Amino acid sequence: MATLTSCSFRLTPPNRFNFRVKIKTSNANFCLCGASLSKRRRMISKENCTRLNLIVRSCYNDKNNTRNENNATNGEGENRDNSNLATMSSTDEKPDDNSENLPTSLSNRNPTISSIGPSHNNFQVDSFKLMELLGPEKVDPADVKAIKEKLFGYSTFWVTKEEQFGDLGEGILFLGNLRAKREDVFAKLQSHLAEIMGDKYNLFMVEEPNAEGPDPRGGPRVSFGMLRKEVSEPGPTTLWQYVIALLLFLLTIGSSVELGIASQINRLPPEVVKYFTDPNAIEPPDMQLLLPFVDSALPLAYGVLGVQLFHEVGHFLAAFPRKVKLSIPYFIPNITLGSFGAITQFKSILPDRKTKVDISLSGPFAGASLSLSMFTIGLLLSSNPAVAGDLVQVPSLLFQGSLLLGLISRAALGYTAMHAATVSIHPLVIAGWCGLTTTAFNMLPIGCLDGGRAMQGAFGKSALIASGLATYTLLGLGVLGGPLSLPWGLYVLICQRTPEKPCLNDVTEVGTWRKTILTIAIILVVMTLLPVWDELAEELGIGLVTTF
């Protein structure tokens with residue numbers, strides 16, 4: 001546990017909220033400004049706050065000031081301006097007013113508290129008050145009482161118990177018995193809540209936690225959670241986020257052009273190829289030698305960027321008619337595929353799970369459609385002698401990186417073309433391959449990836465947790481994605497591991513056909529990311545397998 005070393009307060013009456021608190025511990029510094037606490041709230045865990053009971057008492061009066069000045073003159077340094085008492089305890093018991101009861105480790109460290117202005121008595125801040133000031137704003141108890149009396153009833157939902165709701169307990173969860181069809185009750189409660197409280201709160205219908213059994217009317221037991229709008233709804237996009245998104249997009253353009261240059265490896269100068277392929281090469285070549293190859297790299301770069309933009313357009317087209325706001329996309333550059341896709345956040349609360357599934361699948365389906373079109377057209381052009389001058393040589397081992405795409409390429413190009421050290425293909429094949437691979441990675445059922453959101457909406461959070469553990473295991477073992485499994489797994493752990501927040505109606509099922517489509521999509525994703533093992537590659541003639 002950290003030890004309180006110094007504590008200072010600055011009070012400026014008559015505005016009692018205009019104070020400044022500075023607490024310095026052994027491992028953290030906190031600076032709290034009362035006038036801006038409502039704007040700068042920090043998430044503080046209740047568990048940590050219950051371990052810390054900080055009580056600061058400051059007594060200001062003219063007599064004490066005079067006495068302290070006299071004591072200071074006599075050399076008594078223990079009592080200075082505005083004698084103060086600061087204690088830290090791991091228990092919930094309130095310490096005595098006398099300094100004699102202080103622990104030895106703390107009594108030797110007298111904090112200094114300076115005051116400005118008229119005197120104030122008995123100013124006290126404890127850990128729970130700090131949590132309330134810094135944490136998200138909670139539901140007003142008076143509103144809870146009014147809502148419980150006016151909103152719920154015997155014809156809709158009979159409340160039997162109340163619990164905390166939200167990540168930090170900032171909301172209220174009403175548990176009880178449903179008295180009608182859940183969808184009708186939820187619509188009625190939402191309408192009635194708006195009449196009582198206006199747009200102050202958001203009402204959520206969620207599955208009852210730790211329910212002993214299903215609802216007698218069928219389906220899971222439900223409960224209703226309530227949060228303030230400013231707490232539950234995502235904040236607007238800031239200027240810095242726009243700047244970061246622009247920088248990432250520029251880097252993605254650069255990585256896409258780099259991919260286009262690397263695809264011409266058989267035409268690049270030998271010294272450049274040696275530098276990027278020989279691990280013993282130290283001295284970098286003249287990069288101006290790559291400038292003549294930039295123009296020929298642009299078509300592939302356009303294809304890779306086009307797939308990513310088409311993916312994001314699919315999301316926005318699905319979200320617009322449902323009045324769901326999305327953030328700007330944050331493109332993730334990657335030198336192997338050109339891009340790892342983009343991070344797109346929901347900027348409004350989703351109304352139901354169907355909306356979550358539809359918006360999540362629309363982007364990957366749009367990007368996969370364009371990628372598959374380019375991949376198919378590129379394979380057809382690879383067999384056309386009229387465009388032989390536009391073909392590039394790639395190692396045949398490339399087609400062993402995907403079971404599904406390798407089988408399609410084998411069927412289109414034939415055994416003779418594929419069973420060789422290098423294969424001549426059109427650049428559209430590479431663009432389509434990279435687009436399909438990126439789409440497959442983003443459709444993995446994990447975290448808040450598109451596949452994870454769709455899995456959570458279609459099958460629930462429990463299914464997402466199970467599929468996420470399985471996906472992490474396969475990525476860690478290198479079963480999915482080959483050499484890209486590790487960087488992709490790290491990217492998901494850092495940026496995309498947290499599941500999406502619940503919808504307003506987080507109970508109503510999405511229907512059989514959405515679940516079926518998602519299941520088929522996950523199977524295709526696994527086949528796309530599953531490499532071809534050597535025995536099967538040799539039997540099918542996908543690449544030239546070398547045995548020792």
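Residues numbered from 1 in each chain as written. Predicted model: local features only at pLDDT ≥ 70, side-chain atom pairs only at ≥ 80, totals over all residues. Heavy atoms only, no water.

1. Details of the overall build of the protein
Each helix and strand counted, the protein has 19 helices and 13 strands in total. The proportion of buried residues among the 548 residues of the protein is 44%. Taking all contacts inside the protein whose residues are at least 6 apart in sequence as the whole, residues at least 24 apart take part in 73%. (Helix = DSSP H or I, 4+ residues; strand = E, 2+ residues; numbered from the N terminus. Buried < 20%, exposed > 50% of the residue type's maximum accessible area, 1.4 Å probe, protein only. Contact = heavy atoms within 4.5 Å.)

2. Focus: the packing of aromatic side chains
What the rule picks out here adds up to 14 aromatic pairs. With 5.4 Å between their ring centres and 50 degrees between their planes, Phe249 and Phe331 make a pair best called tilted. Here the residue Phe249 occupies a position in helix H8 (residues 239–262), and Phe331 occupies one in strand S10 (residues 330–334), the gap between them amounting to 82 residues. Their ring planes at 90 degrees and their centres at 5.6 Å tell us that Phe399 and Trp433 sit as a pair that is edge-to-face. Residue Phe399 is located in the loop between strand S12 (392–395) and helix H12 (403–413), and its partner Trp433 is located in helix H14 (residues 427–442); the two are separated by 34 residues in the primary sequence. The pair formed by Phe399 and Trp433 is uniform in burial state, with each residue classed as buried. An aromatic cluster of three or more residues is present, and its members are Phe152, Phe157, Phe174, Phe186 and Phe224. (Phe/Tyr/Trp six-rings, centres within 6.5 Å; stacked < 30°, edge-to-face > 60°.)

3. Section: the sheet that holds strand S6 (residues 157–165)
Read from one edge of the open sheet, four strands run S6-S7-S9-S8, paired in antiparallel fashion. The strands lining the two open edges of the sheet, one partner per strand, are S6 and strand S8 (201–207). Along the sheet, successive strands turn relative to each other by an average axial angle of 25 degrees, direction set aside. The sheet contacts of helix H6 (residues 182–197) involve strand S7 (171–178), S8 and strand S9 (222–228), and relative to S8 the element is tilted by about 160 degrees. (Pairing = 2+ DSSP bridges. Axes fitted to C-alpha atoms, helices over the stretch in contact; angles between N-to-C directions.)

4. Concerning the UniProt feature "transmembrane region" (unreviewed entry) in the protein
What UniProt calls "transmembrane region" (unreviewed entry) maps, in this numbering, to residues 239–261, 362–382, 394–413, 425–444, 464–494 and 515–533. Span residues 239–261 is 100% helix and 0% strand, its end C-alpha atoms 34 Å apart. Taken end to end, residues 425–444 has its terminal C-alpha atoms 28 Å apart, with 80% of it in helix and 5% in strand. (UniProt positions renumbered as here; feature names shortened; annotations may be inferred.)

5. Observations regarding the pairing of S6
As paired elements, S6 and S7 share eight bridges and run antiparallel to each other. By the bridge assignment for S7, Phe157 is matched with Leu178.

6. Things to note about helix H11 (residues 353–382)
For H11, which comprises 30 residues, the first-to-last C-alpha distance of 43 Å matches the rise-based estimate of 44 Å (1.5 Å per residue) to within 8%. Its side-chain oxygen placed 3.3 Å from the backbone nitrogen of Lys354, Asp352 serves as the N-cap of H11. (Expected span 1.5 Å × (residues − 1). Polar contact = N/O pair within 3.5 Å; in protein donor to acceptor, adjacent residues only side chain to side chain.)

7. Quick word on helix H10 (residues 294–319)
Relative to the 38 Å expected for 26 residues at 1.5 Å per residue, H10 spans 37 Å between its end C-alpha atoms, a close match to the ideal helical length. Of all the bends in H10, the largest measures some 25 degrees and sits at Leu300. (Bend = angle between axes of the 7 residues up to and from the residue.)

8. Observations concerning the environment of Glu207
Summarising the element assignment, Glu207 is placed in strand S8. Taking the relative accessible area as the measure of exposure, Glu207 reaches 44% and is therefore partly exposed. Glu207 sits 32 residues away from Leu175 along the chain, and the two C-alpha atoms are 9.9 Å apart.

9. A look at unusual backbone geometry
For Lys323, which is not a glycine, the phi torsion comes out positive at approximately 60 degrees. Tracing the backbone through its elements, the reader meets Lys323 in the loop between H10 and S10.

10. Considerations on the pairing of S8
The buried fraction of S8 amounts to six of the seven residues, a majority that puts the element mostly inside the structure. Across seven bridges, the pairing between S8 and S9 is antiparallel. Looking at S9, one finds that Met205 is bridged to Phe224.

11. Some thoughts on the side chain of Asp358
Locating Asp358 in the fold gives a position in helix H11. Within the local environment of Asp358, its side chain forms a polar contact with the side chain of Arg322, the two groups lying 3.0 Å apart. Within the local environment of Asp358, its side chain forms a polar contact with the side chain of Arg514, the two groups lying 2.8 Å apart. With sequence-adjacent residues up to four places away left out, Asp358 is seen in contact with Ala318, Arg322 and Arg514.

12. Remarks on the pattern of salt bridges
Following the criterion strictly, the structure yields 11 salt bridges and no others. A salt bridge links Lys200 to Asp143; the shortest N-O distance between them is 2.7 Å. Taken together, the residues span a long stretch of sequence, with Lys200 in the loop between H6 and S8 and Asp143 in helix H5 (residues 141–150) at a distance of 57 residues. Taking the shortest distance from any N to any O, the salt bridge between Lys161 and Glu163 comes out at 3.4 Å. Here the salt bridges share partners, and the residues they tie into one network are Arg322, Asp358 and Arg514. (Salt bridge = Lys/Arg side-chain N within 4 Å of Asp/Glu carboxyl O.)

13. Details of the nonpolar core
The biggest cluster of nonpolar side chains holds 50 residues, and the ones touching the most others in it are Phe399, Ile425, Leu444 and Trp488. It is H14 that provides the largest number of residues to this core, a total of eight residues. Beyond its immediate chain neighbours, meaning those up to four positions away, Leu444 contacts Leu449, Gly451, Gly452, Thr471, Leu475, Leu480, Trp488, Val525 and Leu529. Core analysis: the second largest hydrophobic core is formed by 31 residues, Phe165, Leu193, Tyr201 and Val222 among them. (Core = buried A, V, L, I, M, F, W, Y, C linked by side-chain atoms within 4.5 Å.)

14. Re the state of the cysteines
Overall, the coordinates contain zero disulfides when judged by the stated rule. Take Cys448: it sits in no disulfide, and the sulfur closest to it among the cysteines is that of Cys495, at 9.1 Å. Cys448 sits in the buried class, given a relative accessible area of 12%. Under the relative-accessibility criterion, Cys495 is labelled partly exposed at 41%. (Disulfide = S-S within 2.5 Å.)

15. Topic: the packing of H10 against H11
Relative orientation of the contacting elements H10 and H11 amounts to 150 degrees, with a least axis distance of 7 Å. Taken as axis vectors, H10 and H11 run roughly antiparallel relative to one another. Considering only the axes of H10 and H11, their crossing is right-handed. Residues Gly303, Gly306, Val307, Phe310, His311, Gly314, His315, Ala318 and Ala319 of H10 touch H11, and the partners they reach there are Asp358, Ile359, Ser360, Ser362, Gly363, Pro364, Ala366, Gly367, Leu370, Ser371 and Met374. (Parallel < 35°, antiparallel > 145°, perpendicular 65-115°, else oblique. Left-handed = near helix turned anticlockwise from the far one by under 90°.)

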